[in-house]
Amino acid sequence: MAELGTTERPLRVAIVGSGPSGFYAATALLASEGAVHVDLFDRLPTPFGLVRGGVAPDHQKIKTVTRAYNKTAAHEDFRFIGNVQVGRDVSLGALLYSYDQVILAVGAEADRSMGIPGEDLPGSHSATAFVGWYNGHPDHQDHVFDLNTPTAVVVGVGNVAMDVARILAAQPDHLSQTDITTRALDHLRTSKVRDIVVLGRRGPAQAAFTPTEIKEIDALEDVDVVISEGDASLDPASTKWLDLFGTKPNRQNVEFLQSIAGRTPTASRRVHVRLLTSPHALLGQERVEQVKVGRNQLEERDDGSLGPVDTGSREVLDAGLVLRAVGYRGVPLPGAPFDDRRGIIPNVEGRVVDGEAVKERLYVVGWAKRGPSGLIGTNRADSKATVEKTIEDRSALPVVDRPMLELPPTTVSWSGWERIDSQEIARGQESGKIREKFVAVDAMLDALEQGG
Ligand code: NAP
């Protein structure tokens, strides 16, 4: 039989998940030596993962990263296989039978919970659900967000918390030309939310948001970021920590928060940053009405970082909507090992492992590999590193016949996605928006048929 990686017998690699980490893996594979054919699977008919379903509608510049992915998709040895869920429509075993190597790029689709009483009351949602809802993700269209309340609480001070706080705080016209769904925009137009309280369990030096994100909120029309002088000040441990370990963004966050601390807000919509504050319970009869919070102080942990410790002091905040933005979490993929504690696919440098044993020909990239951290660009180097491992392992691959995988009839190709894409853009133009997304898989498939 012909050698692997030759025109007679190209190396066949399947990637599961077409978000940034999947696309960067495809790009690195197609740039590698030899004949390599890449099939990129997605459970949705649409590609791009969190770039489409996660990045906020008013962050269109970030979404231009898809231009690079389009170039990869134009490669003659690339195929997009949309609307096929690995683990449901085809098994991981079947992929490993049909492909020489399989790379999992399945991200971290679920959210972490806070683990406090009342968390499941109506009115309490994950930020993941809210983000998916306004971004038209088919999984998240059934949620109902009651915005008929003056105050919302957002738990967490990462960039997802900033996104949801900004979407809640912004004047609807800020979003009207974007690709937010019209349904979400119409609902936001009726919103009574005027105060958004963002809770950070540690201090200003440990805020996980990037300086641009917090400043962007304050720069919105008729929106002020509000923080007390006490919350913006550093305790001695944080001053020391910032000197020793602080990054430039950590310092810029502190500088910004201290520069606005204590001022009287004049805007009609306000985002209050409350630090050293943890939620302890969500309270309410039928639905969330209040959040019981507690004050923390910081104490040094064994690894030198500063952790929150409850001081015992309590306060109750009124809030009719609570969004927890305390981090994403991976979900198990049937047939693949899963580290339940970390919410990732266990691996050594991208090679999937089950206990001590390496799972032959199976790899992982992105958030499924390292957990939900880093910006889109972080995935480029991360995916490249895993692809280098796949290249190292090529010479040991068995040279066997690999029958083509049988695909369900409803598979969506790249040209199918392009037809969906152009129809979404045309729908958007009708209402002065850059795009009006199809928010249900059936609607996407109907559009495909109509689009010929
Ligand atoms: P994140 O950056 O890890 O932030 C999670 C936040 O939740 C932290 O403030 C964390 O506090 C807090 N938290 C965790 N558990 C908590 C608990 N039990 N109670 C209270 N607070 C808790 O995660 P993320 O915001 O989901 O973002 C994920 C990644 O995507 C990040 O790398 C982010 O930068 C990126 N992202 C970027 C953008 C953008 O560039 N615009 C937008 C969205 C997301 P501690 O620090 O104390 O743990």
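To be clear, the structure that these remarks concern was listed above.
Residues numbered from 1 in each chain as written. Predicted model: local features only at pLDDT ≥ 70, side-chain atom pairs only at ≥ 80, totals over all residues. Heavy atoms only, no water.

Caption draft 1: Spotlight on the overall build of the protein chain. When its secondary structure is counted, the protein chain shows 16 helices and 18 strands. By its C-alpha atoms, the protein chain is 75 × 55 × 40 Å across when sized along the principal axes. A burial count over the protein chain gives 54% of its 452 residues as buried. Contacts in the protein chain between residues at least 24 apart in sequence constitute 75% of all its contacts with a sequence separation of at least 6. (Helix = DSSP H or I, 4+ residues; strand = E, 2+ residues; numbered from the N terminus. Buried < 20%, exposed > 50% of the residue type's maximum accessible area, 1.4 Å probe, protein only. Contact = heavy atoms within 4.5 Å.)

Caption draft 2: Representation of the site of the ligand in the model. Residues in contact with the ligand amount to 22 residues; listed here are only the nearest, Val157, Asn159, Arg201, Arg202 and Gly374. In the environment of the ligand, an oxygen atom lies 2.7 Å from a nitrogen or oxygen atom belonging to the side chain of Arg201. Residue Ala325 places a main-chain N or O atom 3.4 Å away from an oxygen atom belonging to the ligand. When the ligand sits alone it has 920 Å² of accessible area, and the protein chains cover 80% of it. Ranked by the residues each element gives to the shell around the ligand, the list is headed by helix H7 (residues 159-169), at three residues. Among the residues making up the shell around the ligand, the classes are represented as 10 nonpolar, seven polar and five charged. (Near = heavy atom within 4 Å. Polar contact = N/O pair within 3.5 Å; in protein donor to acceptor, adjacent residues only side chain to side chain. Areas by Shrake-Rupley, 256 points an atom, 1.4 Å probe, with all protein chains shown as cover. Nonpolar A, V, L, I, M, F, W, Y, C, P; charged D, E, K, R; others polar.)

Caption draft 3: Representation of the packing of aromatic side chains in the model. Applying the stated criterion across every chain yields a total of 16 aromatic pairs. Judged by centre distance (5.9 Å) and plane angle (25 degrees), the ring pair of Phe23 and Phe78 falls under stacked. Of the two residues, Phe23 is situated in helix H1 (residues 20-30) and Phe78 in strand E3 (residues 78-81); the sequence distance between them amounts to 55 residues. Judged by its relative accessible area of 0%, Phe23 falls in the buried class. Among the aromatic residues, those joined into a cluster by ring pairs are Phe23, Tyr24, Phe48, Tyr69, Phe78, Phe80, Trp414 and Trp417. Arg427 extends its terminal NZ or CZ atom over the ring of Phe438, reaching a point 4.0 Å from the ring centre. (Phe/Tyr/Trp six-rings, centres within 6.5 Å; stacked < 30°, edge-to-face > 60°. Lys NZ or Arg CZ within 6 Å of the ring centre and 35° of its normal.)

Caption draft 4: Examining the pairing of strand E11 (residues 277-283) more closely. Taken across its seven residues, E11 has five buried, putting it largely inside the fold. In terms of strand pairing, E11 meets strand E12 (residues 290-300) through six bridges, oriented antiparallel. When the bridges of E12 are listed, Pro279 appears paired with Val293. Hairpin connection between E11 and E12: a loop of six residues separates the two successive antiparallel strands. (Pairing = 2+ DSSP bridges.)

Caption draft 5: Fine view of the sheet that holds E3. Pairing is mixed across the open sheet formed by seven strands, whose spatial order is E3-E2-E1-E4-E18-E17-E16. Each edge of the sheet is formed by a strand with only one pairing partner; in this case those strands are E3 and strand E16 (347-348). Docked against the sheet, H1 engages strand E1 (11-16), strand E2 (36-41), E3 and strand E4 (101-104), running at close to 170 degrees with respect to E2. (Axes fitted to C-alpha atoms, helices over the stretch in contact; angles between N-to-C directions.)

Caption draft 6: Structural context of the nonpolar core. Phe130, Tyr134 and Ile196 are the most contacted members of the largest nonpolar core, which has 47 residues in total. Not counting the four nearest positions on each side in its chain, Phe130 is found in contact with Phe145, Val164, Ile167, Leu168 and Leu323. Membership of the second largest hydrophobic core comes to 37 residues, among which are Ala105, Val387, Val412 and Ala447. (Core = buried A, V, L, I, M, F, W, Y, C linked by side-chain atoms within 4.5 Å.)

Caption draft 7: Quick peek at the sheet that holds E11. Read across the sheet, three strands follow the order E11-E12-E13 without closing on themselves; strand pairing throughout is antiparallel. Each edge of the open sheet is held by one strand with a lone partner, namely E11 and strand E13 (306-318). The mean inter-strand angle of the sheet, taken between neighbouring strand axes irrespective of direction, is 25 degrees.

Caption draft 8: Up close: the environment of Thr212. By the element assignment, Thr212 lies in helix H9 (residues 211-219). Thr212 sits in the exposed class, given a relative accessible area of 56%. In this structure the C-alpha to C-alpha distance between Thr212 and Asn253, which are 41 residues apart in sequence, comes to 8.9 Å.

Caption draft 9: Inspection of the packing of H1 against helix H4 (residues 66-73) at higher detail. Relative orientation of the contacting elements H1 and H4 amounts to 45 degrees, with a least axis distance of 10 Å. Here H4 runs oblique to H1, going by the angle between their axes. The handedness of the crossing between H1 and H4 comes out as left-handed. Facing H1, whose interface residues are Pro20, Phe23, Tyr24, Ala26, Thr27 and Leu30, H4 presents Tyr69, Thr72 and Ala73. Of the residues belonging to the contact of H1 with H4, the class tally is seven nonpolar, two polar and no charged. (Parallel < 35°, antiparallel > 145°, perpendicular 65-115°, else oblique. Left-handed = near helix turned anticlockwise from the far one by under 90°.)

Caption draft 10: Highlighting helix H14 (residues 378-393). For H14, which comprises 16 residues, the first-to-last C-alpha distance of 24 Å matches the rise-based estimate of 22 Å (1.5 Å per residue) to within 8%. Three or more residues of H14 are buried, namely Asn379, Asp382, Ser383, Thr386, Val387, Lys389, Thr390 and Asp393. The buried residues of H14 occupy one face: seen down the axis, they fall within an arc of 150 degrees. What points out from H14, more than 90 degrees from its buried face, is the exposed set Arg380 and Ala381. (Expected span 1.5 Å × (residues − 1). Arc of directions from axis to C-beta.)

Caption draft 11: Structural context of the pattern of salt bridges. Applying the stated rule across the entire model yields 32 salt bridges. Arg52 is the salt-bridge partner of Glu424, the closest N and O atoms lying 2.8 Å from each other. Of this pair, Glu424 sits in helix H15 (residues 414-430) while Arg52 sits in helix H2 (residues 50-53); the two residues are 372 residues apart in sequence, bridging distant segments of the chain. Judged by relative accessible area, which is 0%, Glu424 ranks as buried. For the salt bridge of Arg263 with Asp218, the shortest nitrogen-to-oxygen distance reads 2.6 Å. Of the two residues, Arg263 is situated in the loop between helix H12 (248-260) and strand E10 (269-274) and Asp218 in helix H9; the sequence distance between them amounts to 45 residues. Judged by relative accessible area, which is 33%, Arg263 ranks as partly exposed. Residue classification places Asp218 among the buried residues on the basis of a relative accessible area of 18%. (Salt bridge = Lys/Arg side-chain N within 4 Å of Asp/Glu carboxyl O.)

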